[in-house]
Amino acid sequence: MPTFFRRPPEHRHNAPTIELERVSVAYADRPALEDVSFQLRKGERVAVVGPNGAGKSTLFNVIVGTVKPSSGKIRIYGSGPAEHTCIGYVPQRNKIDWRFPATVWDVVMMGRTARIGLLRRPGRIDRQMVEQALVEAQAEDLARRQIGELSGGQQQRVFLARALAQEAEVLLLDEPLTGLDTPSQQAVLEILDGLGARGIGILVATHDLGQAAQMYDRILLLNRRLIADGPPGQLLTSQMLSRAYGSHLHILPTPGATVALADECCSDEEMGEGLELVG
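Residues numbered from 1 in each chain as written. Predicted model: local features only at pLDDT ≥ 70, side-chain atom pairs only at ≥ 80, totals over all residues. Heavy atoms only, no water.

### Some words on the sheet that holds strand E4 (residues 71-76)
Turning to step 1, where the next piece is worked out: Strand order in the open sheet made by the 3 strands is E2-E1-E4, with antiparallel pairing throughout. On the outer flanks of this sheet lie strand E2 (30-40) and E4, each paired with one strand and no other. Recorded for the sheet is a direction-independent mean angle of 25° between the axes of neighbouring strands.
Turning to step 2, where the next piece is worked out: When strand E1 (residues 18-27) meets E2, the two strands line up antiparallel, connected through 7 bridges. Within the sheet, the bridge partner assigned to Leu 20 lies in E2 and is Phe 38.
Turning to step 3, where the next piece is worked out: Against the sheet, helix H1 (residues 56-64) engages E1, E2 and E4, with an angle of about 120° to E1. (Pairing = 2+ DSSP bridges. Helix = DSSP H or I, 4+ residues; strand = E, 2+ residues; numbered from the N terminus. Axes fitted to C-alpha atoms, helices over the stretch in contact; angles between N-to-C directions. Contact = heavy atoms within 4.5 Å.)

See the structure below:
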């Protein structure tokens with residue numbers, strides 16, 4: 001078989017969709033993740049919550065295979081992450097070069113590349129998959145526009161469409177709502193609801209603790225180490241959050257809010273905003 005196209009590894013369907021076993025990552029001897037272990041089962045909706053610099057983006061890059069762990073193991077359906085096509089990744093918008101001269105159709109078709117091969121032309125099925133993905137992501141009217149001309153909400157819908165065209169079985173979304181206005185946020189959340197109803201797993205890094213409490217089955221509370229893993233009702237308490245945020249957790253007497261967080265910690269890798277947990 002040509003080296004530019006390899007058949008994706010077989011899935012062991014009794015295995016977790018994603019499994020990390022004692023994974024650590026260091027950049028120039030500075031730890032980004034330390035001894036992280038967890039599993040994601042088919043169809044689960046899980047939020048990754050933690051302060052800026054906690055390693056959320058690094059965690060996602062490890063899962064998709066763009067960052068190699070210093071130690072530990074990552075398995076996708078029982079095998080290593082390399083060449084799996086079942087994981088769709090929507091990175092932070094500020095990590096993407098929006099000046100790249102590509103139409104929305106081109107970007108969504110990129111989701112088919114791993115399945116059709118780098119040098120093969122898309123066929124009828126591939127074009128149908130792109131059309132269907134654009135419809136599901138409410139982006140069919142954008143197909144001929146340049147990606148850099150779109151609003152933030154439109155760009156996020158396009159990257160969701162790319163993951164759908166890829167036939168992803170689980171989506172990793174890194175701060176998908178950051179910088180979007182309320183209507184755009186609602187549109188993205190509606191799309192995610194539809195994907196969850198179809199059994200597509202969702203792993204989201206978010207600073208919105210109210211959303212994490214309402215929309216996700218589990219929360220991974222992360223600050224380089226996995227502080228806790230469990231249902232929102234057990235983890236989104238001032239006691240548990242203080243273990244992750246430390247001195248950056250501020251309990252404020254805000255009317256109608258259980259906990260308000262001002263996350264003042266910054267890093268080059270991950271930048272975030274103030275946080276609020278609504279009671």
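There's plenty left to go through after this.
### Quick word on the packing of aromatic side chains
Turning to step 1, where the next piece is worked out: Within the structure shown, the criterion is met by 1 aromatic pair.
Turning to step 2, where the next piece is worked out: A ring pair is formed by Phe 60 and Tyr 89, whose centres lie 6.3 Å apart and whose planes are at 80°; its orientation type is edge-to-face. Of the two residues, Phe 60 is situated in helix H1 and Tyr 89 in strand E5 (residues 87-90); the sequence distance between them amounts to 29 residues.
Turning to step 3, where the next piece is worked out: Assessed through its relative accessible area of 0%, Phe 60 is described here as buried.
Turning to step 4, where the next piece is worked out: Stacked on the ring of Tyr 216, the Lys or Arg Arg 45 has its end atom at 5.7 Å from the ring centre.
Turning to step 5, where the next piece is worked out: Its guanidinium or amino end placed over the ring of Trp 105, Arg 144 lies 5.1 Å from that ring's centre, counting from NZ or CZ. (Phe/Tyr/Trp six-rings, centres within 6.5 Å; stacked < 30°, edge-to-face > 60°. Buried < 20%, exposed > 50% of the residue type's maximum accessible area, 1.4 Å probe, protein only. Lys NZ or Arg CZ within 6 Å of the ring centre and 35° of its normal.)

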